[in-house]
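# Fold and contact review
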Amino acid sequence: MKILSQTSFKLKINLNILCTLLCSMVLILISCTSKSQTNFNVVPAPVELKIGNGYFKIDKETRIVLEGVNLEKIAGLFNNYLEENYGFNLRVSKSPVNKNAIILNYERMNYPLPGAYSIEINDKQVYIAGDNETGVFYGIQTLIQLLPTKNAKKYSLPIPQLSISDHPRFKYRGMHLDVSRHFFSVEQVKKYIDHLATFKFNTFHWHLTDDQGWRIEIKKYPKLTSVGGFRNGTIIGAYPGTGNDSIRYGGFYTQQQIKEVVKYAADRYITIIPEIDIPGHSSAAIAAYPQLSCFPAETSQIPANTAWAGSREGKQVPQSWGVFEDVLCPSEFTFKFLEDVMNELVQLFPSKYIHIGGDECPKESWKRSAFCQQLMKDKKLKDENGLQSYFIQRIEKYLNKHNKKIIGWDEILDGELAPNTTVMSWHGEQECIVAAKQGHDVIMTPENPLYLNHAQSKHEDSVTQGGFNPIENVYNYEPVPKELTLKEVSHILGAQGNMWSEHLLNEKKLEYMLFPRIAALSEVLWSPKEKRSWEDFKKRLPVILERLDQQKINYSHAYYDLIGAALPTETNDGILWKIESNNKDGAIKWSYSSNSAMHDYHEAITVQGSAKGVSAIYIVNDKVVARVSQDFYFNKATGKKITLSNQPSSNYPGDGAFTLVNGIQNEKGLAWSSEFLGFSGKDVEAVIDLGKTEITTGIKLHAFEQQASWIYFPLFVNASFSEDGINFSDQIELKRTGNIYSAVIIKETAARYIKVFAKNTGIISIGNPGSGNPAWLFVDEIEVQ
């Protein structure tokens, strides 16, 4: 038995007392932090916030006091929210009130962008001040998010005492909606605008025309809506579709309705930028007025594998998605038509910008057209890209006469642009960097991660467009490229989330794709970069979702998904299946199959052979809230070391090279894009180390093709063998059956290393979707038998 000296005993007692005190202090701090997190769940996060003590209670006797002028509209919007969600509203007054008041006023904020505001809440009043009306409106949006989402007594709404000073980071904070592929009513568009206002977006990009439908009334050209506004059917499922619904589909907005929506948005301090997509994506306009085509007498080209409803003769509004060769002819008839359209458009939209598209314009019809070739000679244009530049510049100059500027997708960089042209960069950062260095203003909207119509869960139960884009990808996006100088950074106006509607069949699906990712994007665009924290955002997200429940808004629960990741073992003799959830309040249980016993999950599961239905469930409060299941297909390459000569694109990185040997075979296409490695214009060369010399009898490479998305099968695939990983021989060619390239090796081959090479299509040839651009090559698994 060890005896402590008296000195050491006293020291131990003192240390125990100190530890007790420290623990108490930590518990107090944790309690305070928890309290602030519970009561403060505003998105986007303010620039500065100080939490006070206690609450201010809004009740039926609370008054809204307007100390600033022209704030009645904002007070009315707040009252509408109270009435809809809590069943009462407040009296509005201009007379001073000493207590129980919400005061709206103006104060000079000395911040260059409109929308700065401050809030002071004590036990007597709420004081909201903005640098202008917009700032006061944003202050009200923050106040709304401070209201309780549940357990509130009727007519008594406690909000925490606090102090906020806030302002936006970016000038342009936008969301887009495509109403061409699927039409949304005026009321649905208004509701969409309400969602944008909640999260302090200031721009709505309204995509009004495309191949599949013209959605805005142009009085001089009524056929644009009577013919171009409707199609005779729509493909079922993903392109090219599993059939056609044969339902006549369409709709359009009258000019009176357009004015109504524009005013509705302006009342919420949102500017609407209309898009008329030219010179490509114009099939609906050409169906209405065939003279707009270089070949008016030709029948629309319909892909042979596309299910079609009704007549195929003449010019047709397409019933499938993708890119179509029939584009606007740069004739005087076309330019007069567009000038007439723009004359009516500029009267409807007060925005200083008009979006003219300019993306995905095939040049085949221009190359075939004698008129276009002669025009290029007359104008001394180098090629068809120069002809598109000429086309865009003519429209731009006309709109400039109306004091309007144009925005175009980044393909308009293929040629000379006027300095005041704004570029919307959707391909990625490189196009943004080029545009900014040329002195053009830029709006960032890269497909990954700002296309919110992409899947947000690996377990989507409906068709989505594009790849996997979870909420954390959106939140962690940084709009300003590191490569730009301080001067060039000034050209980055902000960013925008895009919502393409190929598979948004109704308003509930639209909400599901929008929420909660719109909340993450709002913080990217509003909050200072150094203030953003994914860990903090995750803590606020549950209350954000509670508010969506309160408002009966449909949203994705993907944030709570169980996420399985396949990892190599230390000895490369199997797979470790690691399971996680963003939510940490529950318990994970797993089993090897649906028929086997469940086990508590503590660490990654070791899988050492083919297995069907390895699964896990997530239990919160004795309720299963999420499930995940995975099939593993083992072969000699599974779990082994692998290297790549070319790295995949950052848009489709999968889990790196290991994706090709992780035993998981993609069975869901682009909806499960994290299981693909995507190479833009690059070949695939993979070397697998089997760990020892093995007898090989067969090799397979799994690839994917979706030409509408510019994804093409490789031109050829071969494999070769080596004992040292340096000198390879016995090259064999793999033949394609379906989406698998395979070879059966008649003469058994002994080798430790196997190299698989897949040749990228390269530049997409004329007549194919994406012609003139680098092809994507998608691969997801290599098998060695």
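Up top you'll find the structure we're talking about.
The sections below set out a description of the structure shown in this document.

Rules and cut-offs
- Numbering of residues starts from 1 in every chain and runs along the sequence as written.
- With the structure being a predicted model, the display of local features is reserved for residues of pLDDT at least 70 and the display and counting of side-chain atom pairs for 80 or more, all residues being used for whole-chain, interface and lining totals.
- Side-chain numbers here rest on the full set of heavy atoms in the structure, without hydrogens or water.
- Comment: elements are numbered from the N terminus, with helices defined as DSSP H or I runs of at least four residues and strands as E runs of at least two.
- Our radius of gyration is a C-alpha quantity, and the globule rule it is checked against amounts to 2.2 Å times the number of residues to the power 0.38.
- Exposed residues in this analysis have more than 50% of their type's maximum accessible area, buried residues have under 20%, and partly exposed residues fall in between, with area computed by a 1.4 Å probe over protein chains only.
- What makes two residues a contact is simply this: any of their non-hydrogen atoms within 4.5 Å.
- Accessible surface is estimated by sampling points in the Shrake-Rupley manner with a 1.4 Å probe; for residues, cover comes only from the protein chains shown.
- A positive count includes Lys and Arg, and a negative count includes Asp and Glu. His and the chain ends are not counted in either.
- Here the site of a charge means atom NZ of a Lys, CZ of an Arg, CG of an Asp or CD of a Glu.
- By this rule the span expected of a helix is its residue count minus one, scaled by 1.5 Å.
- Only centres within 6.5 Å qualify two rings of Phe, Tyr or Trp (six-membered ring in Trp) as a pair; their planes then separate them into stacked at under 30 degrees, edge-to-face at over 60, and tilted for everything else.
- Lysine and arginine charges are scored as sitting over a ring when NZ or CZ, respectively, is within 6 Å of the ring centre and within 35 degrees of the ring normal.
- Between any two strands, pairing holds if DSSP finds at least two bridges.
- Whenever a helix is involved, its axis is fitted only over the stretch in contact; in every case the axis is a line through C-alpha atoms, and angles between N-to-C directions fall within 0 to 180 degrees.
- Any angle between 65 and 115 degrees counts as roughly perpendicular, while under 35 counts as roughly parallel, over 145 as roughly antiparallel, and the rest as oblique.
- Only Asp, Glu, Lys and Arg are considered charged in this grouping, and only Ala, Val, Leu, Ile, Met, Phe, Trp, Tyr, Cys and Pro are considered nonpolar; every other residue, Gly among them, is considered polar.
- Salt bridges are defined by distance alone: a side-chain nitrogen of Lys or Arg within 4 Å of a carboxyl oxygen of Asp or Glu.
- Among the buried residues, those of types Ala, Val, Leu, Ile, Met, Phe, Trp, Tyr and Cys that are joined through side-chain atoms within 4.5 Å form a nonpolar core.

### Focus on the overall build of the protein chain
If you tally the helices and strands in the protein chain, you get 18 helices and 34 strands. Rg of the C-alpha trace for the protein chain: 30 Å, near the compact-globule value of 28 Å for 785 residues, within the 12% margin. If you line up the protein chain on its principal axes, its C-alpha atoms span 90 × 80 × 50 Å. Counting only residues that meet the buried cut, the protein chain has 57% of its 785 residues in that class. Sequence-distant contacts in the protein chain: of pairs separated by 6 or more residues, those separated by 24 or more amount to 72%. When the accessible surface of the protein chain is totalled, it reaches about 33900 Å², and 52% of it is carbon and sulfur. Positive and negative charge centroids in the protein chain, built from 83 and 87 side chains respectively, lie 5 Å apart.

### Quick word on helix α4 (residues 186–198)
For α4, which comprises 13 residues, the first-to-last C-alpha distance of 19 Å matches the rise-based estimate of 18 Å (1.5 Å per residue) to within 8%. What α4 keeps buried is the set Val-186, Val-189, Lys-190, Tyr-192, Ile-193, His-195, Leu-196 and Ala-197.

### Observations concerning the packing of aromatic side chains
For the structure on display, the rule yields 37 aromatic pairs. Measuring from centroid to centroid gives 5.1 Å for Phe-137 and Tyr-269, while their planes differ by 45°, and the two rings are tilted. Taken together, the residues span a long stretch of sequence, with Phe-137 in helix α3 (residues 133–146) and Tyr-269 in the loop between α6 (255–266) and β14 (271–278) at a distance of 132 residues. Here Phe-137 falls in the buried class, since its relative accessible area comes to 2%. Between the aromatic rings of Tyr-221 and Tyr-289, the centroid separation amounts to 5.4 Å while the plane-to-plane angle is 85°, which identifies the pairing as edge-to-face. On the criterion of sequence distance, the pair formed by Tyr-221 in the loop between β11 (213–214) and α5 (223–226) and Tyr-289 in the loop between α7 (283–288) and α8 (332–348) is long-range, its members being 68 residues apart. Each member of the pair, Tyr-221 as well as Tyr-289, is classed as buried. The rings of Phe-183, Tyr-192, Phe-204, Trp-206, Tyr-253 and Phe-349 are connected pair by pair, giving a single aromatic cluster. Just above the ring of Phe-335 sits the side chain of Arg-394; from NZ or CZ to the centre is 4.0 Å.

### Let's talk about the sheet that holds strand β2 (residues 63–66)
With respect to topology, seven strands assemble into an open sheet ordered β1-β7-β5-β6-β4-β2-β3, the strand pairing being mixed. On the outer flanks of this sheet lie β1 (48–59) and β3 (91–93), each paired with one strand and no other. Strand-to-strand twist in this sheet, taken as the mean axis angle between neighbours without regard to direction, amounts to 25°. The pairing of strand β5 (residues 117–121) with strand β6 (residues 125–130) spans five bridges and is antiparallel. Bridge assignment links Ile-121 to a residue of β6, and that residue is Val-126. The sheet strands contacting helix α2 (residues 72–86) are β1, β2, β3, β4 (101–106) and β7 (156–166), and the helix crosses β2 at an angle near 165°.

### Observations regarding the packing of helix α10 (residues 370–378) against helix α11 (residues 384–401)
Look at α10 against α11: their axes get within 10 Å of each other, and the N-to-C directions meet at 80°. By the criterion of interaxial angle, the relationship of α10 to α11 is roughly perpendicular. Touching Cys-372, Gln-373, Leu-375 and Met-376 of α10 are Glu-384, Leu-387 and Tyr-390, all from α11. Within the contact of α10 with α11, the residues separate by chemical class into five nonpolar, one polar and one charged.

### Structural notes on the pattern of salt bridges
Within this structure, the stated rule accounts for 29 salt bridges. Across the pair Asp-340 and Lys-220 runs a salt bridge, and its minimum N-O distance is 3.3 Å. You can see Asp-340 sitting in helix α8 and its partner Lys-220 sitting in the loop between β11 and α5, a full 120 residues away along the chain. Accessibility expressed as a relative area gives 8% for Asp-340, which makes it buried. A relative accessible area of 49% places Lys-220 in the partly exposed class. Linked by salt bridges that have partners in common, Lys-191, Glu-507, Lys-508 and Glu-511 make up one network.

### Considering the side chain of Asn-202
Assignment of secondary structure puts Asn-202 in the loop between α4 and β9 (203–207). Excluding residues within four positions of it along the chain, Asn-202 makes contact with Tyr-138, Lys-171, Tyr-172, Arg-173, Tyr-269, Ile-270 and Thr-271.

### Observations regarding unusual backbone geometry
With an omega dihedral of -10°, the bond running from Ile-278 to Pro-279 counts as a cis peptide bond. Among the structural elements, Pro-279 can be located in the loop between β14 and α7. Residue Pro-449 follows Asn-448 across a cis peptide bond; omega there is 25°. The backbone phi angle of Lys-200 is positive, close to 65°, even though this residue is not glycine. Looking at the element boundaries, Lys-200 is found in the loop between α4 and β9. For Lys-200, a relative accessible area of 1% puts it in the buried group. A positive phi is found at Tyr-269, a non-glycine position, where the angle reads about 60°. Judged by relative accessible area, which is 14%, Tyr-269 ranks as buried.

### Remarks on α8
For α8, which comprises 17 residues, the first-to-last C-alpha distance of 25 Å matches the rise-based estimate of 24 Å (1.5 Å per residue) to within 8%. Within α8 the residues assigned to the buried category are Thr-334, Phe-335, Phe-337, Leu-338, Asp-340, Val-341, Met-342, Glu-344, Leu-345, Val-346 and Leu-348. On its buried face, α8 is in contact with β11, α5, α6, β14, β15 (353–357) and α11.

### Here's the deal with the nonpolar core
Counting residues in each nonpolar core, the largest one holds 147 residues, and the members touching the most others are Phe-78, Leu-104 and Trp-206. The element contributing the most residues to this core is α8, with eight residues. In this view, Trp-206 contacts Leu-177, Val-179, Val-189, Tyr-253, Ile-258, Val-261, Ile-272, Ile-273, Pro-274, Glu-275 and Phe-349; residues no more than four positions away in its chain are not counted. One finds Tyr-601, Val-614, Tyr-618 and Val-756 within the second-largest nonpolar core, a separate group that totals 52 residues.

### Regarding the sheet that holds strand β26 (residues 623–632)
Spatial ordering of the open sheet is given by β23-β22-β25-β26, a layout of four strands whose pairing is antiparallel. Where the open sheet ends on each side, the last strands, each with one partner, are β23 (599–600) and β26. For strand β22 (residues 587–591) and β23, the ladder comprises two bridges, and the chain directions are antiparallel. Along β23, the bridge assignment pairs Trp-590 with His-599.

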